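If you want the building blocks of each chain, they are given just below.
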Amino acid sequence: MEKYTQFTGIVAPLDRANVDTDLIIPKQFLKSIKRTGFGPNLFDELRYLDEGQPGQDSSQRPLNKEFVLNLPRYKGAQILLARRNFGCGSSREHAPWALTDFGFRTVIAPSFADIFFNNSFKNGLLPIVLSEEIVDQLFNEVAANEGYKLTVDLANQQIVKPDGEKIPFEVDEFRKHCLINGLDDIGLTLQDADAIKIYESKRRQESPWLFDAIK
Amino acid sequence: MAGKTLYDKLWDAHLVKQRDDGTALLYIDRHLLHEVTSPQAFEGLRFAGRKPWRLDANLATPDHNVPTTDRSGPIEDEVSRIQVQTLDDNCDEFGIVEFKMHDLRQGIVHVVGPEQGATLPGMTIVCGDSHTATHGAFGALAHGIGTSEVEHVLATQCLIQKKMKAMLIKVNGKLGAGVTAKDVVLAIIAKIGTAGGTGYAIEFAGDVISSLSMEGRMTICNMAIEAGARAGMVGVDDKTIAYFEGRPYAPKGANWDKAVQYWKTLHSDTDAKFDAVVELNGADIEPQVSWGTSPEMVVAIHETLPDPAAEKDPVKAEGMVRAYQYMGLKPGMKMSDVVPDRVFIGSCTNSRIEDLRAAAAVAKGRKVSSKVKQAMVVPGSGLVKQQAEAEGLHKIFIEAGFEWREPGCSMCLAMNADRLGDGEHCASTSNRNFEGRQGYGGRTHLVSPAMAAAAAVSGHFVDVRSLQEV
């Protein structure tokens, strides 16, 4: 995974609550056996006026010109501003894959669904939880200022507004460490291989029925 | 010291290592795989030159993409075919046991696991699918994971976790006649909301839950994620233990006795402390129908649809307005005014034998209304299908005008050929009514199997009790 560095990016507002994973990336695109290429189908049912099919050239499809990501002022957005319970629904990691493939590096919302939240960190997408009040205020500022940008400074756990105001945010220490250093979870866990083996042999003795049944 | 919750017990029994940074390494006993969320994980293993840590912890079956019609030829849709083929190839290459499409044991992964005894009480169970919570019905800690974690579990047999908070949802008293597990869980979600359980592991308890069959408890735990909770669970009792007797992968002989002894400890202590407690009265719950595009947008069948103008929370009110627009409905209407264009009985929520029996009891001697374009029954596994046919349920369905299909996820999420047309309403026993979930522009109404069958034969949503009393 690439290291997560400080960046300044355009903010796109998606003003609806409970944005679910089916909305983020509809199921027909889940048939891919790759991790990349989901960007053109991010929010497919909102972005286009027709029904998308896998393998289609999306640049030829009719756009929903009113959808926020199709508005010229939000072109190149790297920060998605959303409402509560973002990412509810399925465990599909295709949702963060689609967001990052499109170019997003962070999603700001008052709350996230657990599995989506967890999946995001594993894919270099930083979900930031801010209060409803601050999120409301950001929606207003984004609407009022074309080209509105925020700086996301993960190391110092703060968002810096154009006027220099700093908004602090919480992030789990371990997840922050992994993002900043671009660390692979599996490699880290395998450093504890001995502890896993010791646990496993104890468990095999105590609960032998949990082993060797399926083969 | 306060006693332990069931979640505490399961957590403690699987803790490999508590790290200083607050995370923990948790051991995973069972890993279920299907074709949609696993290919990139296997690719990751190959790329890093890693092997699965423990082959016998894994069990795979294709379910999301498989056709539910005739399977004598190859899967027609090329992209679906490649995905299913990729699962077969990966399982063969790495040596993972898989029930392939033509295996009688193939089915929806959350139906297959318990049916085979691959799911057992006291286990930690994960799968790259959010409805893995289903398995918590057996006193297990079960939850969905993303593809990165599928790879992590394959490579290390562990997950990096932070302990969740514990919520107790108690459903007291007794259910009225004609009210089922599905109605209970929809009523729970309507009460606490789709984010009500976020950050929690939910334990379902109370007399109503105890009185449910294992199938009913699975239906409840299955939809814990629709209330925002990754894990749902129910403590072990005699029903739980009886369920596993003679299952292919369940322990035998002396191991069975030893296991049963342990399983009997898998319930919350009477003095256990929960971070949140919610109580419902079973007698208050009536047959439920979802009207909107979120599983919390639910009414009892006789209620009128709610008015967004009366909703105080502006974000919620806006969501309701959008839902009405998408669903083509209006506040003040009744669900009995709505005609389902299609009826779908199936999915990991409601495709087990008890579900099919309940639907068949309503369908028996009746006909699918001419207003309904299609009504289909999709059993959860090849073995459920076999059992249903042994009981003659398929004949009841076919005579009533339902289609009798092969097992799979089917129209729950429309990754195969089974889907709604633009603007069509569906009475569906599945778990999600999100926009587009069952097909582009499709309008889902979540109901119990009996309510779905009742809607099919009546040509509109109806209180199933009015048919049962005749």
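The structure under discussion appears in the preceding block.
Read on for an overview of the structure. (Residues numbered from 1 in each chain as written. Chains lettered and ligands numbered in written order. Predicted model: local features only at pLDDT ≥ 70, side-chain atom pairs only at ≥ 80, totals over all residues. Heavy atoms only, no water.)

**What about the overall build of chain B?**
Looking only at helices and strands, one finds 16 helices and 18 strands in chain B. Taken along its principal axes, the extent of the C-alpha atoms in chain B is 60 × 55 × 45 Å. Taken across its 470 residues, chain B has 68% of its residues classed as buried. Within chain B, contacts between residues separated by at least 24 positions form 75% of all contacts whose residues are at least 6 apart in sequence. (Helix = DSSP H or I, 4+ residues; strand = E, 2+ residues; numbered from the N terminus. Buried < 20%, exposed > 50% of the residue type's maximum accessible area, 1.4 Å probe, protein only. Contact = heavy atoms within 4.5 Å.)

**Here we look at the overall build of chain A**
Regarding its fold elements, chain A presents eight helices and seven strands. A principal-axis box enclosing the C-alpha atoms of chain A has dimensions of 65 × 45 × 25 Å. Looking at chain A as a whole, 57% of its 215 residues are labelled buried. Looking at chain A alone, contacts between residues at least 24 apart form 63% of all its contacts between residues at least 6 apart. Here chain A displays about 8900 Å² of accessible surface, and carbon together with sulfur accounts for 49% of that area. For chain A, the distance from the average position of its 26 positive side-chain charges to the average position of its 31 negative side-chain charges is 4 Å. (Areas by Shrake-Rupley, 256 points an atom, 1.4 Å probe, with all protein chains shown as cover. Lys, Arg positive; Asp, Glu negative; His and termini not counted. Charge placed at Lys NZ, Arg CZ, Asp CG, Glu CD.)

**Quick notes on the interface of chain B and chain A**
Reports often express the size of an interface as the amount of accessible area lost when the parts come together. Taken together, the contacts link 85 residues of chain B with 63 residues of chain A. Both faces combined, the contact of chain B with chain A buries some 6200 Å², and carbon together with sulfur accounts for 56% of it. Among the residues chain B hides against chain A, the three largest losses belong to Q40(B), W53(B) and Y440(B). Together they make up 11% of the total. For the pair chain B and chain A, the number of links is 10 salt bridges. (Buried area = accessible area lost by both parts, 1.4 Å probe. Salt bridge = Lys/Arg side-chain N within 4 Å of Asp/Glu carboxyl O.)

**Observations regarding the environment of V152(A)**
Residues and elements named next belong to chain A. Within the element layout of this structure, V152 appears in strand β5 (residues 149-153). Sequence separation of V152 and Y4 is 148 residues, and the distance between their C-alpha atoms is 10 Å. Non-local contacts of V152, meaning those with residues more than four positions away in its chain, are made with Y4, Q6, F7, I79, T106, L126, I128 and Q158.

**Remarks on the sheet that holds strand β11 (residues 276-281) of chain B**
All names here are of chain B. Taken in spatial order, the four strands line up as β10-β9-β8-β11 in an open sheet, and their pairing is parallel. The open sheet is flanked by β10 (231-233) and β11, the only strands paired with a single partner. Sheet twist, expressed as the mean angle between neighbouring strand axes with direction ignored, is 20 degrees. With three bridges joining them, strand β9 (residues 200-205) and β10 adopt parallel strand pairing. Across the sheet, I202 pairs through a bridge with G232, a residue of β10. On the sheet, helix α6 (residues 181-192) packs against β8 (165-172), β9 and β11 and is oriented at approximately 125 degrees with respect to β11. (Pairing = 2+ DSSP bridges. Axes fitted to C-alpha atoms, helices over the stretch in contact; angles between N-to-C directions.)

**Here we look at the sheet that holds strand β15 (residues 374-377) of chain B**
The strands making up a sheet associate through backbone hydrogen bonding, with each pair oriented either parallel or antiparallel. Residues and elements named next belong to chain B. If you trace the five strands from one edge of the open sheet to the other, you get β16-β15-β14-β17-β18, paired in parallel fashion. Of all strands in the sheet, those with a lone pairing partner are β16 (403-404) and β18 (443-446), marking the two edges. Bridge count between strand β14 (residues 342-345) and β15: four bridges; the pairing is parallel. Counterpart to R342 in the pairing with β15 is Q374.

**Quick notes on the state of the cysteines**
As used here, a disulfide is simply a covalent bond connecting the sulfur atoms of two cysteines. Inspection of every chain in the model, using the stated rule, returns zero disulfides over all chains. Its sulfur unpaired, C88(A) is 15 Å from the next cysteine sulfur, which belongs to C412(B). You can see C91(B) has no disulfide; the closest cysteine sulfur is in C127(B), sitting 12 Å from it. Its relative accessible area of 2% is what places C91(B) among the buried residues. (Disulfide = S-S within 2.5 Å.)

**Details of the nonpolar core**
If you look at the biggest cluster of nonpolar residues, it comprises 109 residues, and the most contacted ones within it are F43(A), F86(A), L99(A) and F402(B). For this core, the element with the most residues is helix α15 (residues 449-458) of chain B, which contributes eight residues. By size, the runner-up hydrophobic cluster in this structure holds 85 residues, among which are I214(A), C158(B), A201(B) and L212(B). (Core = buried A, V, L, I, M, F, W, Y, C linked by side-chain atoms within 4.5 Å.)

**Brief notes about unusual backbone geometry**
Glycine aside, residues mostly have negative phi angles, and peptide bonds mostly take the trans form. Of note in the backbone geometry, D212(A) takes a positive phi value of approximately 65 degrees without being a glycine. At A414(B), a residue that is not glycine, the phi angle is positive and equals roughly 55 degrees. Among the secondary structure elements, A414(B) is positioned in the loop between β16 and β17 (425-428). We classify A414(B) as buried; its relative accessible area is 3%.

**With respect to the pattern of salt bridges**
As enumerated under the stated definition, the model contains 40 salt bridges over all chains in all. Between R437(B) and D22(A) there is a salt bridge, with its nearest N and O atoms 3.1 Å apart. Of this pair, R437(B) sits in the loop between β17 and β18 while D22(A) is found in helix α1 (residues 21-24), placing the two residues in two different chains. Residues joined by salt bridges that share partners form a network here, namely D15(A), R83(A) and D136(A).

**Overview of the packing of helix α3 (residues 94-102) of chain A against helix α4 (residues 114-121) of chain A**
Residue and element names in this part refer to chain A. Axis separation between α3 and α4 bottoms out at 9 Å; the angle between their running directions is 50 degrees. In terms of orientation, α3 and α4 fall into the oblique class. α3 and α4 meet at a crossing whose hand is right-handed. In contact with A95, P96 and L99 of α3, α4 contributes F116, N119 and S120. (Parallel < 35°, antiparallel > 145°, perpendicular 65-115°, else oblique. Left-handed = near helix turned anticlockwise from the far one by under 90°.)

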